[in-house]
Amino acid sequence: MSIDNNIKNNLRACFDEFYICNEDFVNELIGFIEIHGIANKAFTMLRTRLKIIKDTNIAIRCNWFEQLKNCDNMYSLHLGIYPTNLRILMSKTRTKRGTSALVLHCFYERDGKSNTNYTPAIAKAVQRRQEYEEGKWQ
């Protein structure tokens, strides 16, 4: 199943001026959505949750958004859409406009947090954050 360009554009549009993400992340997310055929549900849930995160300036406390322990300035957004369990890692940053969220990496979480090793995902997110800070994102 392939996502049409309209869905791709709608997913990209979820990440308004508050969110900064590169094309690698967008392609990862679209890849997960294509594999599992969850475009409409993912779009709706993602848009709603991103709006809440933005409205609270990344200060929300709930069961689907958490600050990662032992990892400075790293947050995890959970999108549990059957049959998938996606995590999106993000970080706060300062821009000329004020606070923004860097959207860094998404990955599939196995059933239950204790069954998933976050280490490779966090390493990828940290690498992308560093690339952004070095001005390597376009």
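Rules of the game
For every chain, the first residue of its written sequence is number 1, and the numbers climb from 1 along that sequence. Local features in a predicted model are, by the rule used here, given only for residues with pLDDT of at least 70; side-chain atom pairs are given and counted only at 80 or more, and totals for whole chains, interfaces and linings are based on all residues. By convention in this description, side-chain values take in all heavy atoms of the structure and omit both hydrogens and water. By the criteria applied, helices consist of DSSP H or I runs no shorter than four residues and strands consist of E runs no shorter than two, each listed in order from the N terminus. The rule is simple: take the accessible area with a 1.4 Å probe, protein chains only, and divide by the maximum for that residue type; under 20% is buried, over 50% is exposed, in between is partly exposed. Contacts: residue pairs with any heavy atoms within 4.5 Å of one another. Here, expected helix span is obtained from the residue count minus one, scaled by 1.5 Å. Strands are treated as partners if at least two bridges between them are detected by DSSP.

A. Seen up close, the environment of Leu29. Relative to the elements of secondary structure, Leu29 occurs in helix H2 (residues 23-36). Since its relative accessible area comes to 3%, Leu29 is described here as buried. A sequence separation of 17 residues divides Leu29 from Arg12, and the C-alpha atoms of the two residues are 9.9 Å apart. Those residues within four positions of Leu29 in sequence are excluded, and the remaining contacts are Phe15, Leu46, Leu86, Ile88 and Cys106.

B. Representation of helix H4 (residues 119-133). Its 15 residues place the ends of H4 21 Å apart at the C-alpha level, agreeing with the 21 Å of an ideal helix rising 1.5 Å per residue. Contact partners of the buried residues in H4: H2, strand S4 (86-95) and strand S5 (98-108). Positive backbone phi, approximately 80 degrees, marks Gly135, located one or two places after H4.

C. Region of the structure containing unusual backbone geometry. Positive phi outside glycine occurs at Asn70, with the angle close to 60 degrees. On the secondary structure map, Asn70 appears in the loop between strand S2 (65-67) and strand S3 (75-79). A relative accessible area of 86% places Asn70 in the exposed class. Its identity as a non-glycine residue notwithstanding, Asn73 has a phi of 60 degrees, on the positive side.

D. Representation of the pairing of S3. With respect to burial, S3 is a largely interior element, five of its five residues being buried. Burial along S3 is two-sided: the residues Tyr75, Leu77 and Leu79 and Ser76 and His78 are all buried. Strand direction decides the pairing type here: S2 and S3, joined by three bridges, are antiparallel. If you follow Gln67 over to S3, its bridge partner there is Tyr75. Sheet topology note: the S3/S4 ladder contains five bridges and is antiparallel. Across the sheet, Leu77 pairs through a bridge with Ile88, a residue of S4. Hairpin geometry of S3 and S4 is characterised by an intervening segment of six residues between the two adjacent antiparallel strands.

Any functional reading would require information that these geometric values do not contain.
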